[in-house]
Number of protein chains: 2
Amino acid sequence: MNNNYALIMAGGVGTRLWPVSRQHLPKQFQDLLGLGSSLLQLTFQRLSEVCPKKNIYIISNLDYEDLIQEQLPEIKKDQILSEPELRNTAPCIAYAVHKISRQNPDANLIVAPADHLILNQPEFNRLVHIGFEAVSKRDILLTFGISPTRPDTGFGYIEYNKSSEENDIFKVEAFKEKPDLATAESFIKAGNFLWNAGIFVWNIKTIMKSMATHLPEVNMLFEQGKDFYYSEKEKKFIEKAYHDCPNISVDYGIMEKAENVYVIPADFKWSDLGTWKSVYTHQDKDEQGNSTQGQVLCYDTSNSLIKVLPDMLAVVQGLDNYIVIEHNKVLMICNKDQEQMVKNFLNDAKARGFTDYI
Amino acid sequence: MNNNYALIMAGGVGTRLWPVSRQHLPKQFQDLLGLGSSLLQLTFQRLSEVCPKKNIYIISNLDYEDLIQEQLPEIKKDQILSEPELRNTAPCIAYAVHKISRQNPDANLIVAPADHLILNQPEFNRLVHIGFEAVSKRDILLTFGISPTRPDTGFGYIEYNKSSEENDIFKVEAFKEKPDLATAESFIKAGNFLWNAGIFVWNIKTIMKSMATHLPEVNMLFEQGKDFYYSEKEKKFIEKAYHDCPNISVDYGIMEKAENVYVIPADFKWSDLGTWKSVYTHQDKDEQGNSTQGQVLCYDTSNSLIKVLPDMLAVVQGLDNYIVIEHNKVLMICNKDQEQMVKNFLNDAKARGFTDYI
């Protein structure tokens, strides 16, 4: 019996990638890069190289249940964990861990977001195997930390003890909130800081023990469901559990408090595809630095991301460093260095009553 | 019996206003300014103030016959003159003049393009009445010349004799081709040059006489139809006449050659709405100088024309002096000072096989 399991977290809304990412179809369900597969499908494919497909679970909002089944027809209904309410990551982890432990109390579990890009699959496989091996033998909570390539202020950081290395694994000193630029620069200079990508590797016994210690209330709630998982009663039980569960993240609730937290520095060409700029970074570009999707004609245009639906024709003249997106009745034009404005666009659109467009 | 007639020329394609103006629906059939009426409807309304609606004729390509009937349900089928082939203005005028003369050999006729904007209707009415009065009494060919407001190189000019004035009417010295900028500036400085707007006022006997003199071949062709106009045989006759008719403009064929050509300088707030810049000029603008149509949110954007279909939402950030048009599956973004590029866009789109979008 294979003890390796995966949990794909597919509950995000991806507002920064509006207007492509929309409430009814968030970015993880879309072919954001034009590769022919959605990000969820790519993530499933990636994880299927490190554990059996039947051991890959997807957790997301109830609204997306049909969508997940449609995009991943090879999985069973039991592998889809539907959250009845929008909560943070702690209840989501608690649900998955308690459920999976009913099937395999010795499971090793990798937890990963559905909407990230990882280009170096062999390196990913190698590090996950190191992780699975470690957590199956040692009573530690592992996380992957991405080797930073720039002083990005959009990520949390993981500080680790450089001299604690043992088989590619280091002791975590502290988790750091998203820093300001000066702090981020000092992190890069220090050399022992990694980006927190929200990718964890745990043995299910270890994480359950930590949960019992640091989040006893949450742990208790989901432990009470042990007789209902994999049964018809699961759905109803989860509805109540979520209703009673506090809104708390696994980072804050467990990882930042536990003593036995370790990190594997990872350099497997990772992007969270969190913003249009990061999407642009991972696209093929022409000689003028333009990345286009759809039928696009460019004139005097450079360093821009231009993306329209396949049945559109876009003609763009005289833009440098812009994002131009046309998607399902929304057109967005924005300077690439002003992409944080997307949140304002969404808020204003909501306030103006353009609810069909968000 | 009212002798005043109008001929609306509605056969243009308006390529410079792509992507709104399209082969299957040129700009004259569209509500380009968001006023609730197409340009053709506005022109019909305007001319109905100077002659009875039953005396207003529309000439256009056969392809647009149904569209005209739909947009102007109050006119009879006989008032729509359908051209079987794309010819220049001389055959179009010859057809209309010979047809109308069968109904009223004393008709006074104003000829006007379907796609122009005239804001000062009372002044237009006043000048047209002066024109009708003059051509019904004197054996002259009248044209309206627009008092120029800038040294525009996109129009032909009419040079007139300043000291020849008689009841607001001046003798034309010469028609001038579209000039270069220096020449246009010298025209403005000289003070006796007007824009040729292609608006004519003639008595039908006078224009027929001129046609017989200067375009005898064309004149003969359409005279042969005198027994067929207003009958079932008209369509078939016209098909043959157009096939045999040379491709020639009324300006070149008659107006530039005739001796008895006069002009009324007109200042009735005219625009040919020939380019996006001229459309922008005639639109309401917000404090930032933006003219928007549709659901548009602007951020750090100024002096721009932004037009999307009513079911779209556009969010535009960081543009100054741009044209942004989304219309029927085409998105065009272009610096306002580079709008002559629209012809290149169209040619390239055609060359690339994007024929559905032109």
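Residues numbered from 1 in each chain as written. Chains lettered and ligands numbered in written order. Predicted model: local features only at pLDDT ≥ 70, side-chain atom pairs only at ≥ 80, totals over all residues. Heavy atoms only, no water.

K.L.:
Where do I start with the overall build of chain A in this structure?
P.N.:
Scanning chain A from N- to C-terminus turns up 11 helices and 17 strands. Against the compact-globule benchmark of 21 Å for 358 residues, chain A has a radius of gyration of 21 Å, which places it among compact chains. C-alpha extents for chain A along the principal axes are approximately 60 × 50 × 35 Å. In chain A, buried positions account for 57% of the 358 residues. Sequence-distant contacts in chain A: of pairs separated by 6 or more residues, those separated by 24 or more amount to 67%. Approximately 15100 Å² of chain A is accessible, and the part contributed by carbon and sulfur atoms is 47%. Where the 37 positive side-chain charges of chain A centre and where its 47 negative ones centre are 3 Å apart. (Helix = DSSP H or I, 4+ residues; strand = E, 2+ residues; numbered from the N terminus. Rg over C-alpha atoms; globule rule 2.2 N^0.38 Å. Buried < 20%, exposed > 50% of the residue type's maximum accessible area, 1.4 Å probe, protein only. Contact = heavy atoms within 4.5 Å. Areas by Shrake-Rupley, 256 points an atom, 1.4 Å probe, with all protein chains shown as cover. Lys, Arg positive; Asp, Glu negative; His and termini not counted. Charge placed at Lys NZ, Arg CZ, Asp CG, Glu CD.)

K.L.:
Whenever I open this one, the sheet that holds strand β17 (residues 330–335) of chain B confuses me. Can you help?
P.N.:
Strand pairing within a sheet occurs via backbone hydrogen bonds; the two strands may be parallel or antiparallel. A sheet is described by the order of its strands in space; here six strands give the open sequence β13(A)-β15(A)-β17(B)-β16(B)-β14(B)-β12(B), paired in mixed fashion. At either margin of the open sheet sits one strand with a lone partner, and together these are β13 (295–299) of chain A together with β12 (291–293) of chain B. The sheet shows a mean angle of 5° between the axes of neighbouring strands, direction not considered. Direction of pairing for strand β14 (residues 305–308) of chain B relative to strand β16 (residues 322–327) of chain B: parallel, over a ladder of four bridges. Paired with Val308 of chain B across the two strands is Glu326 of chain B, which belongs to β16 of chain B. Here helix α11 (residues 342–351) of chain B sits on the sheet in contact with β13 and β15 (313–317) of chain A together with β17 of chain B, set at roughly 140° to β13 of chain A. (Pairing = 2+ DSSP bridges. Axes fitted to C-alpha atoms, helices over the stretch in contact; angles between N-to-C directions.)

K.L.:
What's the story with the side chain of Asn108 of chain A in this structure? I'm lost.
P.N.:
Mapped onto the elements of the fold, Asn108 of chain A is located in strand β4 (residues 108–113). By relative accessible area, which is 5% here, Asn108 of chain A ends up buried.

K.L.:
Help me understand the packing of aromatic side chains in this model?
P.N.:
Each aromatic ring pair is summarised here by two numbers: the centre-to-centre distance and the angle between the ring planes. Inspection of the entire model under this criterion finds 38 aromatic pairs over all chains. An angle of 65° between the planes, with centres 4.8 Å apart, marks the rings of Tyr160 of chain A and Phe170 of chain A as edge-to-face. Taken together, the residues Tyr160 of chain A in strand β7 (residues 157–160) and Phe170 of chain A in strand β8 (residues 170–176) connect sequence positions 10 residues apart. An identical accessibility class is assigned to Tyr160 of chain A and Phe170 of chain A; each is buried. Relative to Tyr242 of chain A, the ring of Phe222 of chain A has its centre 5.7 Å away and its plane inclined at 85°; by these criteria the two rings are edge-to-face. Of the two residues, Phe222 of chain A is situated in helix α7 (residues 216–223) and Tyr242 of chain A in helix α8 (residues 234–244); the sequence distance between them amounts to 20 residues. Tyr242 of chain A gets classed as buried once you look at its relative accessible area, which sits at 0%. Above the plane of the ring of Tyr230 of chain B lies Lys99 of chain B, whose end atom (NZ or CZ) is 4.8 Å from the centre. Positioned above the aromatic ring of Tyr252 of chain B is the side chain of Lys257 of chain B, whose terminal nitrogen or guanidinium carbon lies 4.3 Å from the ring centre. (Phe/Tyr/Trp six-rings, centres within 6.5 Å; stacked < 30°, edge-to-face > 60°. Lys NZ or Arg CZ within 6 Å of the ring centre and 35° of its normal.)

K.L.:
How do you make sense of the environment of Asp168 of chain A when you look at a structure like this?
P.N.:
Residues and elements named next belong to chain A. Along the chain, Asp168 falls in the loop between β7 and β8. Along the sequence, Asp168 and Val263 sit 95 residues apart, while their C-alpha atoms lie 8.6 Å from each other. Among residues more than four places away in sequence, those in contact with Asp168 are Arg126, Ile130, Val263, Ile264 and Pro265.

K.L.:
Would you explain the packing of helix α3 (residues 89–103) of chain B against helix α7 (residues 216–223) of chain B in this entry?
P.N.:
Residues and elements named next belong to chain B. Between α3 and α7, the shortest axis-to-axis distance is 9 Å and the interhelical angle comes to 40°. The angle between the axes of α3 and α7 places the two elements in the oblique class. Judged by the twist between their axes, the crossing of α3 over α7 is right-handed. Between α3 and α7, the residues in contact are Ala90, Pro91, Ala94, Tyr95 and His98 and Val218, Asn219, Phe222 and Glu223, respectively. A breakdown of the residues in the contact of α3 with α7 according to their chemical character gives six nonpolar, two polar and one charged. (Parallel < 35°, antiparallel > 145°, perpendicular 65-115°, else oblique. Left-handed = near helix turned anticlockwise from the far one by under 90°. Nonpolar A, V, L, I, M, F, W, Y, C, P; charged D, E, K, R; others polar.)

K.L.:
In this structure, what is going on with unusual backbone geometry? I would like to understand it.
P.N.:
Phi is mostly negative for residues that are not glycine, and the peptide bonds are mostly trans. Cis rather than trans, the peptide bond between Trp18 of chain A and Pro19 of chain A has omega equal to 10°. One can find Pro19 of chain A in the loop between β1 (4–9) and α1 (39–47). Positive phi, close to 60°, is recorded for Tyr230 of chain B, a residue that is not glycine. Along the polypeptide, Tyr230 of chain B turns up in the loop between α7 and α8 (234–244). Of the residues examined, Tyr230 of chain B reaches a relative accessible area of 25% and is grouped as partly exposed. Even without being glycine, Asn303 of chain B reaches a positive phi, approximately 50°. Topologically, Asn303 of chain B is positioned in the loop between β13 (295–299) and β14.

K.L.:
I keep staring at helix α6 (residues 204–214) of chain A and nothing clicks. Help me out?
P.N.:
In an α-helix, one turn spans 3.6 residues, which is why side chains three or four residues apart end up on the same side. Residues and elements named next belong to chain A. Taken as a whole, α6 has its buried residues at Ile204, Thr206, Ile207, Ser210 and Met211. Buried residues of α6, viewed axially, fall in a sector of 160°; they line one side. Those residues of α6 that are buried lie in contact with α3 (89–103), β6 (141–146), β9 (193–203), α7 and α9 (250–255). The distance from a side-chain oxygen at the start of α6 to the backbone nitrogen of Lys205 is 2.9 Å, and the residue carrying that oxygen is Asn203. (Arc of directions from axis to C-beta. Polar contact = N/O pair within 3.5 Å; in protein donor to acceptor, adjacent residues only side chain to side chain.)

K.L.:
What should I look at first to understand the relation of the copies chain A and chain B in this one?
P.N.:
One chain copy maps onto the other through a rotation about an axis and a shift parallel to that axis. Overlay of chain A on chain B (RMSD 0.1 Å): rotation 179°, translation along the axis 0.0 Å. Such a turn and shift between the copies fits a two-fold axis. The overlap is high: 100% of the interface residues of chain A also sit at the interface in chain B, so the same surface is used on both sides. (Least-squares fit on C-alpha atoms with pLDDT ≥ 70 in both.)

K.L.:
Which parts of the structure should I look at to understand the interface of chain A and chain B?
P.N.:
Often, the extent of an interface is quoted as the loss of accessible area on bringing the components together. Opposite the 35 residues of chain A that make contact, chain B presents 35 residues. Summed over both partners, the interface of chain A with chain B buries about 3000 Å², with 63% contributed by carbon and sulfur atoms. Contact with chain B buries area across many residues of chain A, yet Leu313, Gln317 and Leu331 of chain A alone supply 22% of it, more than any other trio. Seen at the junction of chain A and chain B, the total is two salt bridges. For Lys329 of chain B, the salt bridge identified is with Asp311 of chain A, shortest N-O distance 2.7 Å. (Buried area = accessible area lost by both parts, 1.4 Å probe. Salt bridge = Lys/Arg side-chain N within 4 Å of Asp/Glu carboxyl O.)

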